[in-house]
Amino acid sequence: MVLVHHAGRTITRYQDLPIPPLKDWIRRYEDILAPLHPGRVVGIAVNRHGLSPAEAERALRAAEDETGLPAVD
């Protein structure tokens, strides 16, 4: 599976509700799939909408550093 991540996104309606770290989302994706089929997240697709090229590059590197997986936009 590929996890899609909207970099820079915040939850504005519920300010006390943080967006979980990518590692948490990876675990959730894999846990949800487990009863149906063995699988794992193998990469991150970063949605860079609203980010400058430099911010997008930082988001890609941050996703790779956090997860140890390849990240692309």
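Described in the following lines is the structure provided in the data block. (Residues numbered from 1 in each chain as written. Predicted model: local features only at pLDDT ≥ 70, side-chain atom pairs only at ≥ 80, totals over all residues. Heavy atoms only, no water.)

**Here's the deal with the layout of surface pockets**
In step 1: Approximately 190 Å³ is the volume found for the largest pocket.
In step 2: Every residue along the wall of the largest pocket is listed here: L3, V4, H5, H6, R9, I11, I19, L22, W25 and Y29.
In step 3: Looking at the lining of the largest pocket, the elements that each hand over two or more residues are β1 (2–6) and α1 (22–33).
In step 4: In terms of residue count, β1 provides more of the lining of the largest pocket than any other element does, four residues in total.
In step 5: Residue composition of the lining of the largest pocket, grouped by class: seven nonpolar, two polar and one charged. (1 Å grid on protein atoms, 1.4 Å probe; cavity = no way out; pocket = protein on both sides within 12 Å on 5 of 7 lines; lining within 4 Å. Points joined across faces, edges and corners; volume = space filled by probe spheres on them. Helix = DSSP H or I, 4+ residues; strand = E, 2+ residues; numbered from the N terminus. Nonpolar A, V, L, I, M, F, W, Y, C, P; charged D, E, K, R; others polar.)

**Here we look at the packing of aromatic side chains**
In step 1: All told, the structure shown has zero aromatic pairs when counted by the stated rule.
In step 2: Between the NZ or CZ atom of R28 and the centre of the ring of W25, over which it lies, the distance is 5.0 Å. (Phe/Tyr/Trp six-rings, centres within 6.5 Å; stacked < 30°, edge-to-face > 60°. Lys NZ or Arg CZ within 6 Å of the ring centre and 35° of its normal.)

**Some remarks on the pattern of salt bridges**
In step 1: Going through the model one piece at a time under the given rule, you end up with four salt bridges.
In step 2: Linking R61 and E57 is a salt bridge whose minimum nitrogen-to-oxygen distance equals 2.7 Å. Taken together, the residues span about one helical turn, with R61 and E57 both in helix α2 (residues 53–67) at a distance of four residues.
In step 3: Judged by relative accessible area, which is 35%, R61 ranks as partly exposed.
In step 4: Its relative accessible area of 38% is what places E57 among the partly exposed residues.
In step 5: Across the pair R61 and E64 runs a salt bridge, and its minimum N-O distance is 2.6 Å. (Salt bridge = Lys/Arg side-chain N within 4 Å of Asp/Glu carboxyl O. Buried < 20%, exposed > 50% of the residue type's maximum accessible area, 1.4 Å probe, protein only.)

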